[in-house]
Amino acid sequence: NSFKSFFWRLMDDALLQGWVVTARKSLLQVIFPPELRFACLKFFNWIFHLFSSYCYFDITEIDGVNTNELYNAVQLYLSSSVSINGSRLSLTRALNSSAITFGLSNNDCIIDTFNGVTVLWEHVVTQRQSQTFSWRPLPEEKRGFTLRIKKRDKSLILDSYLDYIMEKAIEIRRKNQDRLLYTNSRGGSLDSRGHPWESVPFKHPSTFDTLAMDPVKKQEIMDDLKDFANGQSFYQKTGRAWKRGYLLYGPPGTGKSSMIAAMANYLSYDIYDLELTEVHNNSELRKLLMKTSSKSIIVIEDIDCSINLTNRKKITNNPSTRNYYDPEIRCGSGSICGEDGGNSITLSGLLNFTDGLWSCCGSERIFVFTTNHIEKLDPALLRSGRMDMHIYMSYCSYPALKILLKNYLGYEESDLDYDVLKELEEVVDKAEMTPADISEVLIKIRRHKQKAVSELSEILKTRAERNLKSGSLREKNSDDMEDEEQEKRALESPKEGSEFEEPCKKEEEEDEEKLK
Ligand SMILES: Nc1ncnc2c1ncn2[C@@H]1O[C@H](COP(=O)(O)OP(=O)(O)OP(=O)(O)O)[C@@H](O)[C@H]1O
Ligand SMILES: [Mg+2]
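Residues numbered from 1 in each chain as written. Chains lettered and ligands numbered in written order. Predicted model: local features only at pLDDT ≥ 70, side-chain atom pairs only at ≥ 80, totals over all residues. Heavy atoms only, no water.

- The protein chain is annotated in an unreviewed UniProt entry as P-loop containing nucleoside triphosphate hydrolases superfamily protein of Theobroma cacao.
- Quoted verbatim from the Cofactor (unreviewed entry) field of the UniProt record, the comment on the protein chain reads "Mg(2+)".
- The heading Sequence similarities (unreviewed entry) in the UniProt record of the protein chain holds the text "Belongs to the AAA ATPase family. BCS1 subfamily." (UniProt positions renumbered as here; feature names shortened; annotations may be inferred.)

1. Examining the overall build of the protein chain
Part 1 of the reasoning: Scanning the protein chain from terminus to terminus reveals 18 helices and 15 strands.
Part 2 of the reasoning: Each of the 516 residues in the protein chain was classed as buried or not, and the buried ones make up 34%.
Part 3 of the reasoning: For the protein chain, the computed accessible surface area is about 32,800 Å², with 53% contributed by carbon and sulfur atoms. (Helix = DSSP H or I, 4+ residues; strand = E, 2+ residues; numbered from the N terminus. Buried < 20%, exposed > 50% of the residue type's maximum accessible area, 1.4 Å probe, protein only. Areas by Shrake-Rupley, 256 points an atom, 1.4 Å probe, with all protein chains shown as cover.)

2. Some words on the sheet that holds strand 8 (residues 141–150)
Part 1 of the reasoning: The 4 strands are arranged 1-8-7-6 in an open sheet whose pairing can be described as antiparallel. Looking along the sheet, the strands with just one partner apiece sit at the ends: strand 1 (54–60) and strand 6 (109–114). Each neighbouring strand pair of the sheet contributes to a mean axis angle of 25°, computed without reference to strand direction.
Part 2 of the reasoning: The pairing of strand 1 with strand 8 spans 7 bridges and is classified as antiparallel. When the bridges of strand 8 are listed, Y56 appears paired with R148. (Pairing = 2+ DSSP bridges. Axes fitted to C-alpha atoms, helices over the stretch in contact; angles between N-to-C directions.)

3. A few points about the site of ligand 1
Part 1 of the reasoning: For ligand 1, the set of nearby residues contains 15 residues, the closest of which are A212, G253, K256, S257 and S258.
Part 2 of the reasoning: A distance of 2.8 Å is found between an oxygen atom of ligand 1 and a side-chain nitrogen or oxygen belonging to K256.
Part 3 of the reasoning: In the model, an oxygen atom of ligand 1 is placed 2.6 Å from a nitrogen or oxygen of the S258 side chain.
Part 4 of the reasoning: For ligand 1, the protein covers 71% of the area, taking 620 Å² as the surface of the free molecule.
Part 5 of the reasoning: Every element with two or more residues in the shell around ligand 1 is listed here: helix 7 (256–267) and helix 16 (435–444).
Part 6 of the reasoning: Of the residues belonging to the shell around ligand 1, the class tally is 6 nonpolar, 8 polar and 1 charged.
Part 7 of the reasoning: Counting contributing residues, the shell around ligand 1 receives three or more from each of domain 2 (181–392) and domain 3 (398–488). (Near = heavy atom within 4 Å. Polar contact = N/O pair within 3.5 Å; in protein donor to acceptor, adjacent residues only side chain to side chain. Nonpolar A, V, L, I, M, F, W, Y, C, P; charged D, E, K, R; others polar. Domains from an automatic or database assignment.)

4. Remarks on the side chain of K256
Part 1 of the reasoning: Counting through the fold element by element, K256 comes out in helix 7.
Part 2 of the reasoning: Although K256 is buried, it makes no salt bridge; D302 carries the closest opposite charge, 6.4 Å away. (Lys, Arg positive; Asp, Glu negative; His and termini not counted. Salt bridge = Lys/Arg side-chain N within 4 Å of Asp/Glu carboxyl O.)

5. A word on the confidence of the model for the protein chain
Part 1 of the reasoning: Per-residue confidence for the protein chain averages 78 on the pLDDT scale, and 71% of its residues sit at or above 70.
Part 2 of the reasoning: Below a pLDDT of 50 lies the segment residues 309–342, which in the model reaches 47 contacts outside its immediate sequence neighbourhood of four places, other chains included. (pLDDT = per-residue confidence, 0-100. Contact = heavy atoms within 4.5 Å.)

6. Digging into the packing of aromatic side chains
Part 1 of the reasoning: What the rule picks out here adds up to 14 aromatic pairs.
Part 2 of the reasoning: Between the aromatic rings of W121 and F145, the centroid separation amounts to 6.1 Å while the plane-to-plane angle is 90°, which identifies the pairing as edge-to-face. Remark: F145 occurs in strand 8 and W121 occurs in strand 7 (residues 117–127); sequence separation between them is 24 residues.
Part 3 of the reasoning: Its relative accessible area of 3% is what places F145 among the buried residues. (Phe/Tyr/Trp six-rings, centres within 6.5 Å; stacked < 30°, edge-to-face > 60°.)

7. Points about a negative patch on the surface
Part 1 of the reasoning: Judged by side-chain charge, E425, E426, D429 and E432 come together as a negatively charged surface patch.
Part 2 of the reasoning: Mapped onto the secondary structure, D429 falls in helix 15 (residues 418–431). (Patch = residues over 30% accessible without salt bridge, like charges linked within 9 Å, V, L, I, M, F, W, Y side chains within 5 Å. Charge placed at Lys NZ, Arg CZ, Asp CG, Glu CD.)

8. As for the sheet that holds strand 14 (residues 365–371)
Part 1 of the reasoning: Taken in spatial order, the 7 strands line up as 10-9-12-13-14-11-15 in an open sheet, and their pairing is mixed. The two strands at the open ends of the sheet, each matched to only one other strand, are strand 10 (198–201) and strand 15 (389–392). Sheet twist, expressed as the average angle between the axes of neighbouring strands with direction ignored, equals 20°.
Part 2 of the reasoning: Of the pairings in the sheet, the one linking strand 9 (residues 180–183) to strand 10 comprises 4 bridges and is antiparallel in character. Counted as the bridge partner of L181 is V200 from strand 10.
Part 3 of the reasoning: On top of the sheet, helix 5 (residues 215–229) reaches strand 11 (243–249), strand 14 and strand 15; it is set at about 150° to strand 15, its chief contact.
Part 4 of the reasoning: Of the strands in this sheet, strand 11, strand 13 (296–300) and strand 14 are in contact with helix 12 (residues 347–355), which crosses strand 14 at around 140°.

9. Regarding a nonpolar patch on the surface
Part 1 of the reasoning: A grouping of F43, F44, W46, L50 and F51 is seen on the molecular surface, where their side chains present a nonpolar patch of about 640 Å² in accessible area.
Part 2 of the reasoning: Relative to the elements of secondary structure, L50 occurs in helix 2 (residues 34–51).

10. Thoughts on helix 15
Part 1 of the reasoning: Between the first and last C-alpha of helix 15 there are 20 Å, a value that for 14 residues agrees with the 20 Å anticipated at 1.5 Å per step.
Part 2 of the reasoning: Among the residues making up helix 15, those that are buried are L421, L424, V427, V428 and A431.
Part 3 of the reasoning: Among the residues trailing helix 15, E432 stands out with phi positive, at a value near 50°. (Expected span 1.5 Å × (residues − 1).)

11. Details of the pairing of strand 9
Part 1 of the reasoning: Strand direction decides the pairing type here: strand 9 and strand 12 (residues 270–273), joined by 3 bridges, are parallel. Within the sheet, the bridge partner assigned to T183 lies in strand 12 and is D273.

12. Looking at the side chain of S457
Part 1 of the reasoning: Tracing the sequence through the fold places S457 in helix 17 (residues 449–492).
Part 2 of the reasoning: Accessibility expressed as a relative area gives 4% for S457, which makes it buried.

13. Focus on unusual backbone geometry
Part 1 of the reasoning: For S268, which is not glycine, the phi torsion reads 60° and is therefore positive.
Part 2 of the reasoning: Structurally, the position occupied by S268 is in the loop between helix 7 and strand 12.
Part 3 of the reasoning: In this structure, K295 is a non-glycine residue whose phi angle is positive, near 55°.
Part 4 of the reasoning: Assignment of secondary structure puts K295 in the loop between helix 8 (282–290) and strand 13.

14. Description of the pattern of salt bridges
Part 1 of the reasoning: Under the defined criterion, the tally for this structure stands at 10 salt bridges.
Part 2 of the reasoning: As a salt-bridge pair, R244 and D388 come within 3.7 Å of each other at their nearest N and O atoms. With R244 in strand 11 and D388 in the loop between helix 13 (379–382) and strand 15, the pair connects residues that are 144 residues apart, well separated along the chain.
Part 3 of the reasoning: What makes R244 buried here is its relative accessible area of 16%.
Part 4 of the reasoning: Across the pair R463 and D437 runs a salt bridge whose closest N-O atoms are separated by 4.0 Å. In this pair, R463 sits in helix 17 while D437 sits in helix 16, placing the two residues 26 residues apart along the sequence.
Part 5 of the reasoning: Residue class for D437 comes out partly exposed when judged on its relative accessible area of 31%.
Part 6 of the reasoning: Salt bridges sharing common partners tie together D224, R240, R244 and D388.

Structure follows, in structure tokens:
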């Protein structure tokens with residue numbers, strides 16, 4: 001009985017409580033209808049914001065139906081600071097990327113500072129209430145960032161912080177994305193999207209660390225590249241197009257192509273490998289240039305072989321008449337400007353490509369030309385300002401050899417005997433071996449390090465001796481030939497005031513008379 005009464009009392013209580021709750025609810029609704037409650041909330045919000053020293057900006061992932069660019073930019077931008085400070089992170093890896101991006105977890109906060117101003121970012125994720133009609137399905141979660149800043153810093157932040165974030169995001173995206181190597185090997189034909197370039201992921205492992213060359217020269221080039229990449233305001237201030245030209249020259253196998261790969265890896269630029277022989281005329285060249293993107297290196301390898309410079313000799317043989325404004329010289333090879341009617345690629349077209357008006361469509365571009373024979377190049381290509389830096393890639397020097405020993409055998413300078421080093425230093429310059437030759441020797445015997453060094457030393461010695469012998473032989477030959485030539489000249493040369501000068505004088509006199 002007692003249990004029964006207890007049960008019923010409990011039920012009564014529950015019923016009563018339910019009634020009370022319902023009654024209270026309906027009473028509240030009578031006194032505070034939803035409109036009034038909403039107005040109250042708004043009012044309290046307004047009061048809160050009025051007295052708060054902060055203001056808030058919401059950056060939602062989807063703005064109406066479009067994806068909000070700023071949301072993605074903020075996400076990428078925060079990824080760099082989040083990776084250091086966060087304790088719970090979301091990780092993503094985008095398509096075409098080999099890097100992992102860190103992100104703020106849902107409803108997590110992070111503090112950032114910009115120009116001494118502190119801001120707070122919150123990643124707000126809520127469930128989407130009801131699916132409204134839309135042409136494309138929206139994600140179930142509503143994501144966004146809320147930026148909290150002090151009211152007094154509002155103008156500073158809006159003026160520069162958001163621009164800074166956008167720039168940083170582009171940089172991070174480029175760094176994370178695999179770089180591309182473009183080629184125009186398809187000739188002038190376009191792909192389905194109207195692009196003349198074909199691309200493949202660029203994964204060349206060459207870096208400035210692995211490049212064997214004089215460290216001082218290497219540092220100079222690296223500084224120059226960094227100055228260029230950070231020099232937007234400088235180029236704007238001085239009225240120069242934001243581009244730079246490098247001419248790499250030297251014997252085959254000295255690292256010209258490796259240097260280009262190292263440059264691209266250092267600056268995270270794409271490479272456009274321009275095959276000039278596939279370009280039919282100047283307008284095609286211009287179209288190719290227009291379709292290159294900023295932050296890229298445009299490469300023309302073996303420039304001396306790529307363009308017809310046959311008539312160049314005619315011009316350079318007569319230096320007194322050489323004038324850059326001469327149309328023949330501007331066109332490089334005489335055949336090009338006029339008669340061919342633009343049916344072939346010309347030196348003038350190439351010069352316009354590198355520093356004409358068209359070269360400035362897009363910005364932050366580097367032109368690199370390589371050649372094994374700098375002496376074959378037209379002076380118009382070499383004049384200062386066109387190729388800003390001429391870099392000689394030389395035979396392997398002692399500092400370069402030390403880099404190769406470190407890269408291939410893991411030998412630091414201190415790991416090797418003083419005598420061995422001295423021996424290598426003495427012969428390496430005289431041997432005139434390219435880094436490619438030396439790396440070939442080291443690769444073959446890299447498992448037996450000491451043997452590799454002693455074998456390399458032997459090879460260098462033999463090559464040095466051979467060069468010395470052939471050098472002295474060459475000297476002797478050239479001395480003999482000079483003697484012979486002098487003798488010949490002495491025999492052939494007419495005596496002073498002989499008939500050789502007479503006709504010339506006669507002709508001159510006749511010319512003068514005609515002029516009179
Ligand atoms: N300076 C260097 N540092 C490191 N490795 C080098 C260097 N030079 C050449 N090598 C090695 O030799 C190979 C050939 O070098 P690379 O193609 O860069 O020479 P190149 O100067 O472009 O020759 P070519 O004039 O024939 O095009 C590379 O794969 C690289 O491993
Ligand atoms: Mg090369």
